[in-house]
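# Structural overview
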Amino acid sequence: MTTEAGDLMPLPSSVDVVIIGAGAAGLGAAHALKDCGLNVIVLEARDRVGGRGYTVQAAPDVIFDVGCGWLHSADQNSFVAIAEQLDFEIDNTLPPWRDRAFGDAFLERDDFFRAIDAFYDRLDQAARQGEDVPANLYLEPGNRWNPMIDAISTYVNGCELDRVSVLDAYAYQDTGINWRVRRGYGALMAAYGAALPLAFNCNVTLIDHSARRLRIETSHGALTADKAIITLPTNLIADEALRIFPALPAKVDAAAGLPLGVDDKVTLLLAQPQALPKDGNLRGATMRTETGTYHIRPFGQPCIEGFFGGRYARALEDAGEGAIAQAGIDEIVSFLGNDFRRKLTPLAESRWALDPFARGSYSHALPGHAGDRAILAAPVDNRLFFAGEATSPDFFTTAHGARDSGERAASEVLAAIGRR
Ligand SMILES: Cc1cc2nc3c(=O)[nH]c(=O)nc-3n(C[C@H](O)[C@H](O)[C@H](O)COP(=O)(O)OP(=O)(O)OC[C@H]3O[C@@H](n4cnc5c(N)ncnc54)[C@H](O)[C@@H]3O)c2cc1C
C-alpha cells in the first residue's frame, strides 16, 4: 500500500472550521485555509486520506488505483500542478479507449464509433434545447449498437442511460486530454494530504446547527465549530448517514437527485506480458450492456485492468468477493482464448457500492435533476458549506472537480467571515 494510514489524534474541543471528509474536496478545502490563521481540522472516517482516490501496491511491480486513475481534462486539471510540485511523475500517454482493440474481438469498431458519435450529437442538440430528460430517449430505435452505447454510459456515468439527465451530461466539461500519475492518483492525494490537520478514524455522526455554535458529534467525541465544510458523497447525504439537525430536506433531496452510480475495477496479474502490447485496449463487440472494458499492461506493468459499470457492476459486487475478477478473466478468455485462463491471476478489485464511506463511485444527475448540483453546493446560513465532486458545476464525477469544489467552499467560508 502506498498511501499512509494515519494515527488517531485527540480532538480539540473547539475549532473555527471543521472539514468533514479527507477526500480530494476536503484536502482542497484544507489547503485553501492553511495559511489563513484559522483553527481548522479535517475529520475523516477512514484511516487514510484520499477517499475515492486510493492507490495500492497490488504486486511488487503492479501499482493499482482502486478509485480514480486518470487526470481527466489534464490541461485544466489542478492536480497536474500539484503533482509537479510534489515531484510525482506524470505519464501523458493518451488513453487507448478509441484505439483499435487488441486481437480480433472488435473488428467493427469504426461502425460502433460512428453510431456513438451520432448519439452524442443528438444528446447535445437536445440539451441545447433545455431538455432535462433521460438520455436513452436519444438512442436510435433498433440500432444494433445501443447495448454497447449503454455500456459506455455505465463507465462514464456509473449507470445506464435511462438514469442520466441529458442536461447534466451536457454540462460536463471534457477537454479530451487524459494523463496519469505514474505512482498513482491516490498516492498523489496521500502526499497532498500530508501535514494537514487531520483526525482519522473519526466518523462524524451529527452536525447540530440549532445553537450559535455548531456542535459536531463523532465516533471520538464532540467538538464545536463556527463553520463546517461537508464533503460527503451524495449517497451518504441522501441516506442521512450523517444527521444534520435541524434537518435540511433541500440538501437531502438534491443529494438524492445526484446518486452515485457504480463503477468497479480489477487488476489481474499477467504471465508472459511481453506477448501483449503496452497500454493496449481490449474490448469485445458484444450486443449486451453487461460487459467490461480492459486496459492491457497499463504503464507497461505485467497486468490487465478491467473496468465494470452500472447494474452489472452492482450485481458483481453482490455476487461476493472475487466475482469481479472472475467475470474479467472469463471475458478476456472469451476474446483471447483459453490459454489466458492460466496466465491471469486476480490481484485486487474494488467494491465501491459496498464501501460504507462511499456507497458508490461517482455522481450523475437523474433526469429532471440537472439543477440539483447548484442546490447541493449552496451554503446554509453562512455556516454550513458543501463541497465534493457532485457539487462541481462542470467537472463533477472527477477528482480535480472535487478538489476545486473544496477550494470554492473554503473561499465561501473566508467571505462569510469577512476575510475576502
Ligand atoms: C472506480 C472509480 C474510478 C474513478 N476514476 C476516476 C478517474 O479516472 N479520474 C477522476 O478524476 N475521477 C475518477 N473517479 C472519481 C473520483 O475518485 C471522485 O470523484 C473523487 O475522488 C471524489 O472526491 P470527494 O472528495 O468528492 O469524495 P470522497 O473521495 O468520497 O471523499 C469523501 C471523504 O469523506 C469521508 N467520509 C464519509 N463519511 C464520513 C463521515 N460520516 N465522517 C467523516 N468522514 C466521512 C470518506 O471516507 C471520504 O474520505 C473514480 C472513482 C471510482 C470509484
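Quantities reported herein were computed from a predicted structural model and do not represent experimental measurements.

Here we take up the overall build of the protein chain. Secondary structure assignment for the protein chain yields 13 helices and 20 strands. Expected size for 420 residues packed as a compact globule is a radius of gyration near 22 Å; at 21 Å, the protein chain falls within 12% of this value. The dimensions of the protein chain, computed from C-alpha atoms along their principal axes, are 65 × 50 × 40 Å. Looking at the 420 residues of the protein chain, the share that counts as buried comes to 56%. When contacts within the protein chain are restricted to residue pairs at least 6 apart in sequence, long-range pairs at least 24 apart make up 75% of them. Looking at the protein chain, you have 39 positive and 55 negative side-chain charges, and the mean spots of the two groups are 2 Å apart.

Within the structure, the ligand sits among 38 residues, and E44, R52, W70, N203 and A399 are positioned closest to it. Between the ligand and G69, the relevant distance is 3.2 Å, taken from an oxygen atom to a main-chain nitrogen or oxygen of the residue. At 2.9 Å, a backbone N or O of E389 approaches an oxygen atom of the ligand. Relative to its unbound accessible surface of 1000 Å², the ligand loses 98% to contact with the protein. Elements that contribute at least two residues to the shell around the ligand include exactly α1 (24-33), β14 (263-270) and α13 (399-416). Residues that form the shell around the ligand fall into these classes: 19 nonpolar, 13 polar and 6 charged.

Inspection of the secondary structure assignment puts S405 in helix α13. Classification of S405 as buried rests on a relative accessible area of 4%. Looking at S405, its side chain comes within polar contact range of the main-chain nitrogen of G388, at 2.8 Å. Ignoring any residue separated from it by four or fewer positions in sequence, one finds S405 in contact with A25, A387, G388, E389 and T391.

So, about the sheet that holds β14. Pairing is antiparallel in the open sheet, where 5 strands are placed in the order β15-β16-β17-β14-β18. For this open sheet the edge positions go to β15 (280-282) and β18 (344-349), each flanked by a neighbour on one side alone. Adjacent strand axes in the sheet meet at a mean angle of 25 degrees, parallel and antiparallel pairs treated alike. Sheet analysis places β14 next to β18, joined by 5 bridges and oriented antiparallel. Its bridge partner being in β18, L270 is matched across the sheet by L344. Helix α4 (residues 146-156) contacts β14, β16 (293-296) and β17 (303-309) of the sheet and is inclined by roughly 100 degrees relative to β17.

So, on to the packing of aromatic side chains. Taken as a whole and assessed by the stated rule, the structure comprises 10 aromatic pairs. Taking 5.4 Å as the distance between ring centres and 90 degrees as the angle between the ring planes, the aromatic pair formed by F79 and Y185 counts as edge-to-face. Of this pair, F79 sits in helix α2 (residues 78-85) while Y185 sits in helix α6 (residues 185-193), placing them 106 residues apart in sequence. For F79, a relative accessible area of 0% gives the class buried.

Moving on: unusual backbone geometry. At the junction of F245 and P246, the peptide bond is cis and its omega measures out at -10 degrees in the coordinates. Mapped onto the elements, P246 comes out in the loop between β12 (243-245) and α8 (249-256). Of note, the phi angle at T397 is positive, near 75 degrees, even though the residue is not glycine. Within the secondary structure layout, T397 lies in the loop between β20 (384-386) and α13.

Running from amino to carboxyl end, helix α9 (residues 310-318) crosses helix α10 (residues 323-336) at an angle of 120 degrees, the nearest separation of the two axes being 8 Å. One way to sum up the angle between α9 and α10 is to call them oblique. Here α9 contributes Y312, L316 and E317 to the contact with α10, which in turn contributes A323, I324 and A327. Considering only residue class, the contact of α9 with α10 consists of 5 nonpolar, no polar and 1 charged.

Here we come to the pairing of strand β1 (residues 14-20). Here β1 lies mainly inside the structure; 5 of its 7 residues are buried. Relative to strand β11 (residues 221-230), β1 runs parallel, the two being bridged by 6 bridges. Considered in β11, the bridge of I19 is made with I229. Pairing analysis gives 4 bridges linking β1 to strand β2 (residues 40-43), with the strands arranged parallel. Pairing of V18 across the sheet is with I41, part of β2. Taken together, β1, α1 and β2 constitute a β-α-β crossover, and its handedness is right-handed.

Calculation criteria
Chains are numbered independently. Their residues run from 1 in the order of the written sequence. Reporting of local features is limited, given that this is a predicted model, to residues whose pLDDT is at least 70; pairs of side-chain atoms are given and counted only at 80 or more, and all residues count toward the totals for whole chains, interfaces and linings. Excluding hydrogens and water, the side-chain figures rest on all heavy atoms present in the structure. Comment: elements are numbered from the N terminus, with helices defined as DSSP H or I runs of at least four residues and strands as E runs of at least two. We take the radius of gyration over the C-alpha atoms and set the globule estimate at 2.2 Å times the residue count to the 0.38 power. Only protein chains enter the accessibility calculation, which uses a 1.4 Å probe; a residue whose area is less than 20% of its type maximum is buried, one above 50% is exposed, and one in between is partly exposed. When checking whether two residues touch, look at their non-hydrogen atoms; a contact exists if any pair is within 4.5 Å. Residues scored as positive are Lys and Arg, those scored as negative are Asp and Glu, and His as well as the terminal groups of each chain are ignored. A single reference atom marks each charge: NZ on Lys, CZ on Arg, CG on Asp, CD on Glu. For this description, a residue counts as near a given molecule or strand if any of its non-hydrogen atoms is within 4 Å of it. For this analysis, a polar contact is any N or O atom pair within 3.5 Å, provided that within protein one partner can donate a hydrogen and the other can accept it, and provided that sequence-adjacent residues contribute only side-chain to side-chain pairs. The accessible surface values rely on the Shrake-Rupley method and a 1.4 Å probe; as for residues, cover is taken only from the protein chains in view. Classification used: nonpolar for Ala, Val, Leu, Ile, Met, Phe, Trp, Tyr, Cys and Pro, charged for Asp, Glu, Lys and Arg, polar for all others including Gly. Only strands that DSSP links by at least two bridges are regarded as paired with each other. Fitted lines through C-alpha atoms give the axes, limited to the stretch in contact for helices. The angle between two N-to-C directions lies from 0 to 180 degrees. In summary, the pairing rule links any two rings of Phe, Tyr or Trp, Trp by its six-membered ring, whose centres are within 6.5 Å, and it sorts them by plane angle into stacked for under 30 degrees, edge-to-face for over 60 and tilted for everything else. Put simply, angles under 35 degrees are roughly parallel, angles over 145 are roughly antiparallel, angles from 65 to 115 are roughly perpendicular, and the rest are oblique. Here a crossover is taken to be right-handed if, once the strands point away from the viewer, the path from the first strand over the helix to the second is traced clockwise.

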